[in-house]
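# Fold and contact review
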Amino acid sequence: MERIPVLRMGSLLLITIQVDMHDKLAMQLQDDVTQRISEWGSTGVLIDISSLEIVDSFIGRMLANIAAMSRILGAATVVVGMQPAVAITLVELGMSLPGVRTALSVEAGMELLYGAGAGFRTGSDDDPAQG
Amino acid sequence: MIQPRVETLPLKTSNDVVFARQRVRQWATELHFGLVDLTKLVTAASELARNALDHGKGGAMRIEQVGNGAKVGLKLTFEDQGPGIPDIEMALKDGFTTGSGMGFGLGGSKRLVNEFAIESAPGKGTRVTVVRWK
Amino acid sequence: MSDLAEIISGNEDQIRTEWIRDMSKSVVRTDLISRTEVEEQSKTLLQAIVAGVKAGGVSDITGPGWTGAREILQDLSASRARQGFSPSEVAMFILSLKQPLFGAIRRDLAKNLDKMVEAIWAATELLDSLALLTTEAYMATREELIGRQQQELLELSTPVVKLWDGILALPIIGTLDSARTQVVMESLLQEVVATNSKYAIIDITGVPTVDTLVAQHLLKTITAARLMGAECIISGVRPQIAQTIVHLGINLEDVITKAKLSDAFALALERSGRAVVRKAAGAGAAPVLAGPLAKQES
């Protein structure tokens, strides 16, 4: 069965959701993430939803569930790249995604998880070479 | 692509829900809906399609274009022969739930569309009709 | 009035030919539409009218038998409105059908004056109501166009500016209504993504009043930004607005608000880990007057 790939970068799990998920795929992802955290002792989970044009209540619940389950297993979760139309729709729908930290980009997400020393620049004024 | 005036899709599996919202997206794109309006409509379609499947034990969705020359919109009708909703008013409140999940998603869907109508009674199935104008 | 139905369908080709031939240049507007297109439209429309007369009679064009013709007319009118035709030109397109139609009636009913007069009257009523329908559809399209232009104007009037890397400002001037706030919300959030800005300052110094609806829209914008991973700060809150907000019972507990834009900017800088530092004395440009309290030339 097709699955959403869960990549490992050190202690970080990186998940990029690029397909229109049906319910089973979403449940599979939840399973996979919890499995991997246990297996690899990951401390961070980064979910990139910049390709998702629709986030309905089911997907929203999935994200909240992943965050909650990961926390219990000792990992922090950040969701990045939410599109404006999606955010506006979620607000209208009344979904607040409790317990889900968010960031604008993968870099910002990394910074949120591991701090500014993670080695990822988020603003050009931090880079002297760019003036 | 010549668009048929009405399209009916089954909602019997979770893949059907995905396909249904993709079709709604295609219809709305061809009618040049704005991005936010499109997103709201497709999300509402996803919620209601899922409802028909999960609570209504399966049903169907009908898509049709509505309006005359100047005003253009899409009308979606979701029908199922499921157990029906005993208390519609309660179901429309946010956070109402009958078990797993965060509720019927009806109240939220209502806010995503311009027109919303629901007919349901225990044992008589449910029909939800929504319209979103361009 | 089945006579009229027969007359029109029986003389369809001739009516159409005369109609197109005699259409005045002002109706055809070859600068806006090609001759071929006009001929196509005339053919389709006449066929639809024939169908309508057969299915729905001639006295009431609102019935189901006329749905096809109504839709064709509405679409035609809407597209002409968009192309730049005037309302008269669009109506004349229909009304110019009268002459060839009357010609056909006169030919077919020459022997019966009463029936001829009846048929002419029925034809007049029919074409008049079709022309009115056309005008209404035209107006509706124009209103839609104006609405869209207003939308574009709204977008232009609320520019999003970048104050610093990762810090945006949205100075709002004028009244905020529902439509404008949505446009504002969308463009702000799009800029947030495009510039990767974690902080967005919404300055409402130029907003005269805030009512519950506006406050709700602002709150929705803030919530949406937060969902995306950005933070909004509201600045420019004048004393009257602060009072209104409290009186309306609007809950701004989760919202950061500052009286002045500069305070909001300072906060955003601080939160993003930056500080503005004054350079050491003498490190600036050379003073105009050299030396300690330079002597004045006398």
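The model shown is predicted, which means the values in this text are computed figures rather than measured ones.

## Details of the nonpolar core
One recurring pattern in soluble globular proteins: nonpolar side chains tend to sit buried together. Counting residues in each nonpolar core, the largest one holds 98 residues, and the members touching the most others are A87 of chain A, L41 and A49 of chain B together with L170, A200, I201 and M228 of chain C. With residues up to four places along the chain from it excluded, the contact list for M228 of chain C reads M82, P84, A87, T102 and L104 of chain A together with L189 and V192 of chain C. Counting residues in hydrophobic clusters, the runner-up holds 36 residues, among them L76, F93, L97 and A131 of chain C.

## A look at the interface of chain B and chain A
Tallying the contact residues gives 22 residues for chain B and 17 residues for chain A. Taken together, the elements giving at least two residues each to the side of chain B that touches chain A come down to α1 (14–30), α2 (35–54) and α4 (106–112) of chain B. A total of nine residues in the side of chain B that touches chain A trace back to one element, the largest contributor, which is α2 of chain B. Taken together, the residues of the side of chain B that touches chain A sort by class into seven nonpolar, nine polar and six charged.

## A few points about the confidence of the model for chain C
When pLDDT is averaged along chain C, the result is 85; 91% of the residues meet or exceed 70. We note a pTM of 0.71 for the whole complex and an ipTM of 0.86 for its interfaces.

## Some thoughts on the interface of chain C and chain B
Chain C puts nine residues into the contact, and the matching count from chain B is five residues. Those elements giving two or more residues to the side of chain C that touches chain B turn out to be α5 (67–83) and α8 (113–157) of chain C. Grouping the constituent residues of the side of chain C that touches chain B by class yields three nonpolar, three polar and three charged.

## Here we look at helix α11 (residues 239–247) of chain C
In terms of burial, α11 of chain C is a largely surface element, zero of the nine residues being buried. Following α11 of chain C by one or two positions, G249 of chain C has its phi on the positive side, about 70°.

## A look at the pairing of strand β4 (residues 231–235) of chain C
Note on strand geometry: in a regular strand, side chains alternate between the two faces of the sheet. All names here are of chain C. Within β4, four of the five residues are buried, which leaves it mostly tucked inside the rest of the structure. Of the strand pairs in this sheet, strand β3 (residues 199–206) and β4 are connected by five bridges, and their pairing is parallel. Within the sheet, the bridge partner assigned to I202 lies in β4 and is I234. Summarising the sheet, β4 and strand β5 (residues 256–258) pair through three bridges and their orientation is parallel. Counterpart to S235 in the pairing with β5 is K258. In this fold, β4 hands off to α11, which returns the chain to β5; that crossover is right-handed.

## Remarks on the environment of V131 of chain B
Residue and element names in this part refer to chain B. On the secondary structure map, V131 appears in strand β5 (residues 126–133). Judged by the 18 C-beta atoms lying within 10 Å of it, V131 is partly exposed. Between the C-alpha atom of V131 and that of Q65, which follows or precedes it by 66 residues, the distance is 9.4 Å. With residues near it in sequence (within four places) discarded, V131 still touches V66, G73, K75, V113, N114 and E115.

## Some points on the sheet that holds β5 of chain B
All names here are of chain B. Read from one edge of the open sheet, five strands run β1-β2-β3-β5-β4, paired in antiparallel fashion. Edge strands, defined here as strands with exactly one partner in the open sheet, are β1 (6–11) and β4 (115–120). The average undirected angle you get between the axes of adjacent strands in this sheet is 15°. Direction of pairing for β4 relative to β5: antiparallel, over a ladder of six bridges. Residue E119 lies in a different strand from β5, and its bridge partner there is R127. Running over the sheet, α1 touches β1, β2 (59–66) and β3 (73–80) and is turned about 160° from β1. Against the sheet, α2 makes contact with β1, β2, β3 and β5, and its axis sits at roughly 10° relative to β3, the strand it touches most.

Conventions we followed
- Residues numbered from 1 in each chain as written.
- Chains lettered and ligands numbered in written order.
- Predicted model: local features only at pLDDT ≥ 70, side-chain atom pairs only at ≥ 80, totals over all residues.
- Core = buried A, V, L, I, M, F, W, Y, C linked by C-beta atoms within 7 Å.
- Buried ≥ 20, exposed ≤ 12 C-beta atoms within 10 Å, placed from the backbone.
- Contact = placed C-beta atoms within 7 Å.
- Helix = DSSP H or I, 4+ residues; strand = E, 2+ residues; numbered from the N terminus.
- Nonpolar A, V, L, I, M, F, W, Y, C, P; charged D, E, K, R; others polar.
- pLDDT = per-residue confidence, 0-100.
- Pairing = 2+ DSSP bridges.
- Right-handed = clockwise from strand over helix to strand, strands pointing away.
- Axes fitted to C-alpha atoms, helices over the stretch in contact; angles between N-to-C directions.

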